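Next come the chains, spelled out residue by residue.
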Amino acid sequence: MATTLLIERIIQGINYSAVAFGLSLAGAIYGHFYFSILLLFLSGVAITKESIRLREPDFIFIAVTSLMLLISMTSAFERNAYYEFLPLGFIYALSVYIFFIIKANYNHIHQTLGVVIVCFVISSFDLILGVLTEDTVTSLGLIEQSITAAFVVPNDYALFVIAMPLFSYSLKSFPIGIKRWLIPFLYITGLITAVSLNSRLCLLLLLISLALEYRLYTSFMKRHVIALLILIAILSVILTPDFFDKVQSLPTSRIPLWDAAIHQIARHPWLGMGIDSFSDFYANHISATSYSDLITVDRRLMPWPHNIFLEISASFGLLVAALFAAGMIAFFTSYSTLTGRFGFSIRSTACLFILAGLVELTYLRIYPVLIVVFLASVQVAHASNQIGSE
């Protein structure tokens, strides 16, 4: 009888649209594209009875997103690159659809994030067990054989780290006993993955997110546990294979990439050169440019300049980049009215995204796009709710 009552209480508190949306995000993260789209559709079906009233912030979001699409398609049309219409239209439709789902589930968004956490924890057990049975924890092959293989690319795993403050917010519905072991588990799993990938960016973001969420974690976790996590993270950074060699090359290896992107922007400043145009331009640029011996030139095929703001400017022009930058600025102006854990988590996530975006991220992968759309949609939903309550 007690078990039945417990199950009924849990079911009564579930928002099925928010849960389906969380499963859809998890499906996208783990590479199950069609399954993710199906769950995204089901999430929309589950909110058909909800009344969604559009207000001024909603129209602004749709108008700005539409303007970015129009400029990008104009760029493609001018270059006769009609093949870009389909991916651009798909990203636009997906962004607007996700926006409406988040708007309808704004008060249950912690359930969406909680589902993603649960999926990651389940998949991470495979990785942890693998580490315990292997001779070394730095085997990339070990990562690739686990379900956590979705994060074998540092660019992708960095996005999970960026979302850590949002995951912390979602823990508000978890019992304190679960919180005490769940956060260390997530960080330790992140450290294993980041060290295995020799990813200094991920380790740096882990440290920063841990520092940003310090006050939250002290509410349910002992200080010496947090200090131990920080110590492990620092040691992991220092003991990463070839750490000192990488430290010497990393500050200069980005210079040729950013230099090529700036030259690409200068050539077509207003409409850009299109999707996935950087790799060829970069190869030609470094062949025609001589750099100092102090600068490391990466001569591999480089699909993006490791700076999402320069990349957007080079691909779609300064007009689209200006709209994107205005949206990022709006994160901080709009969220200044948010108080408590949710507002702080949103701002922390935006800060981590900007930091990572300056040295790594790309729009050519789905995860940065999801993070940006998620942040923008929550921002607009919050502003819209404020207007509705006045």
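Please refer to the structure higher up on the page.
Report follows, based on the coordinates.

Thresholds, definitions, all that
Every chain begins its residue count from 1, and numbering advances along the sequence as written. A pLDDT threshold of at least 70 governs which residues receive local features in this predicted model, and a stricter bar of 80 or more applies before side-chain atom pairs are shown or counted, although totals over entire chains, interfaces and linings include all residues. To get the side-chain values, all heavy atoms of the structure are used, and hydrogens and water are removed first. To qualify as a helix, a DSSP run of H or I must reach at least 4 residues; to qualify as a strand, a run of E must reach at least 2; elements of each kind are numbered from the N terminus. Between the first and last residue of a helix there are one fewer steps than residues, each counted as 1.5 Å, and that sum is the expected span. The rule is simple: take the accessible area with a 1.4 Å probe, protein chains only, and divide by the maximum for that residue type; under 20% is buried, over 50% is exposed, in between is partly exposed. Every patch collects residues that have over 30% relative accessible area and no salt bridge, joining them within 9 Å if they carry like charges and within 5 Å if they are nonpolar side chains (Val, Leu, Ile, Met, Phe, Trp, Tyr). Computed with a 1.4 Å probe, the accessible areas rest on the Shrake-Rupley method; for each residue, only the protein chains presented here act as cover. By salt bridge we mean one thing: a side-chain nitrogen of Lys or Arg within 4 Å of a carboxyl oxygen of Asp or Glu. To pair, rings of Phe, Tyr and Trp, with the six-membered ring standing in for Trp, must have centres within 6.5 Å; the planes then decide the type, stacked if under 30 degrees apart, edge-to-face if over 60, and tilted in the middle. Residues are called lining when one of their atoms sits within 4 Å of a cavity or pocket point, these points coming from a 1 Å grid over the protein atoms alone, where a cavity is a set in which a 1.4 Å probe fits but cannot get out and a pocket is an open set with protein on both sides within 12 Å along at least five of seven lines. Grid points are joined across faces, edges and corners, and a volume is the space filled by probe spheres set on the points. In this classification, Asp, Glu, Lys and Arg are treated as charged, Ala, Val, Leu, Ile, Met, Phe, Trp, Tyr, Cys and Pro as nonpolar, and every other residue, Gly included, as polar. Any two residues whose heavy atoms approach within 4.5 Å are treated as being in contact. The axes used here are C-alpha line fits, helices contributing only the stretch in contact, and every angle between their N-to-C directions lies in the interval 0 to 180 degrees. Throughout, the term roughly parallel applies to angles under 35 degrees, roughly antiparallel to angles over 145, roughly perpendicular to angles from 65 to 115, and oblique to all others. By convention, the crossing between two helices is left-handed when the near helix turns anticlockwise from the far helix through less than a right angle, and right-handed when the turn is clockwise. Comment: arc refers to directions from the helix axis out to C-beta atoms.

### Quick word on helix α4 (residues 56-78)
Right, on to step 1. The end-to-end C-alpha distance of α4, which contains 23 residues, comes to 33 Å, matching closely the 33 Å that a straight helix rising 1.5 Å per residue would cover.
Right, on to step 2. Along α4, the positions that sit buried rather than exposed are P57, D58, F61, T65, L69, I71, S72, S75 and A76.
Right, on to step 3. Positive backbone phi, at 60°, marks N80, one or two positions downstream of α4.

### A word on a nonpolar patch on the surface
Right, on to step 1. A contiguous nonpolar surface patch, about 550 Å² in accessible area, is contributed by F35, L38, F41, L42, V45 and Y97.
Right, on to step 2. In terms of residue count, the dominant contributor to the nonpolar patch is helix α3 (residues 33-45) (five residues).

### Some words on unusual backbone geometry
Right, on to step 1. Even without glycine at this site, D276 takes up a positive phi of about 55°.
Right, on to step 2. Position of D276 relative to the elements: it lies in the loop between α14 (243-267) and α15 (278-288).
Right, on to step 3. The class for D276 is partly exposed, based on a relative accessible area of 42%.
Right, on to step 4. In this model, H306 sits at a positive phi of 60°, which is unusual for a non-glycine residue.
Right, on to step 5. Tracing the backbone shows H306 in the loop between α15 and α16 (308-316).

### Topic: the packing of aromatic side chains
Right, on to step 1. Considering all chains together, one arrives at seven aromatic pairs under this definition.
Right, on to step 2. With centroids separated by 6.0 Å and ring planes inclined at 65°, the aromatic side chains of F77 and Y82 adopt a geometry described as edge-to-face.
Right, on to step 3. According to the relative accessible area criterion, F77 is partly exposed, its value standing at 47%.
Right, on to step 4. Among the aromatic residues, those joined into a cluster by ring pairs are F61, F99 and F100.

### Side note on empty space enclosed by the protein
Right, on to step 1. The full count for this structure, using the stated rule, is two cavities of 30 Å³ or more.
Right, on to step 2. For the second largest cavity, the full set of lining residues is Y187, L191, L206, L207, L210, L229 and A233.
Right, on to step 3. Residue assignment for the lining of the second largest cavity shows that the elements contributing at least two residues are α10 (176-196), α11 (200-212) and α13 (223-239).
Right, on to step 4. Of all the elements, α11 adds the most residues to the lining of the second largest cavity, at three residues.
Right, on to step 5. When grouped by side-chain class, the residues that make up the lining of the second largest cavity number seven nonpolar, no polar and no charged.

### Topic: the pattern of salt bridges
Right, on to step 1. For the structure on display, the rule yields four salt bridges.
Right, on to step 2. The closest approach of N and O atoms between D298 and R300, which form a salt bridge, is 2.6 Å.
Right, on to step 3. Owing to a relative accessible area of 58%, R300 belongs among the exposed residues under this scheme.

### Details of the side chain of S75
Right, on to step 1. In this fold, S75 is placed in helix α4.
Right, on to step 2. Dropping the residues within four chain positions of it, S75 is found in contact with L271, G272 and S315.

### Observations regarding the packing of helix α2 (residues 16-29) against α3
Right, on to step 1. Their axes nearest at 8 Å, the elements α2 and α3 cross at an angle of 165°. Considered as vectors, α2 and α3 are oriented roughly antiparallel to each other. Crossing hand, α2 versus α3: left-handed. Residue-level inspection shows S17, A20, F21, L23, S24, G27 and A28 of α2 in contact with α3, the latter providing S36, L39, L40 and S43.
Right, on to step 2. Looking at side-chain class alone, the contact of α2 with α3 contains six nonpolar, five polar and no charged residues.

### Examining the environment of Y83
Right, on to step 1. Relative to the helices and strands, Y83 resides in the loop between α4 and α5 (85-104).
Right, on to step 2. Assessed through its relative accessible area of 62%, Y83 is described here as exposed.
Right, on to step 3. Linking Y83 and I275, residues 192 residues apart in sequence, is a C-alpha distance of 9.9 Å.

### Brief notes about α15
Right, on to step 1. Buried within α15 we find F278, S279, F281, Y282, H285 and I286. Buried positions in α15, seen along its axis, are confined to an arc of 160° and lie on one side of it. Seen from the open side of α15, the exposed residues pointing more than 90 degrees away from its buried face are D280, N284, S287 and A288.

### Considerations on the environment of S219
Right, on to step 1. With respect to the element layout, S219 can be found in the loop between α12 (214-217) and α13.
Right, on to step 2. Relative accessible area serves as the criterion here: at 53%, S219 is assigned to the exposed category.
Right, on to step 3. Residues S219 and I176 lie 43 residues apart in sequence; the distance between their C-alpha atoms is 9.3 Å.

### As for the packing of α4 against α5
Right, on to step 1. Following both chains from N to C, one finds α4 and α5 inclined at 170°, their axes separated by 10 Å at the closest point. For the element pair α4 / α5, the angle class is roughly antiparallel. Contacts between α4 and α5 involve D58, F61, I62, T65, S66, L69, S72, M73, A76 and F77 on the former and, on the latter, F85, L88, G89, Y92, F99, F100 and K103.
Right, on to step 2. Grouping the constituent residues of the contact of α4 with α5 by class yields 11 nonpolar, four polar and two charged.

Shape descriptors only; they carry no functional weight alone.
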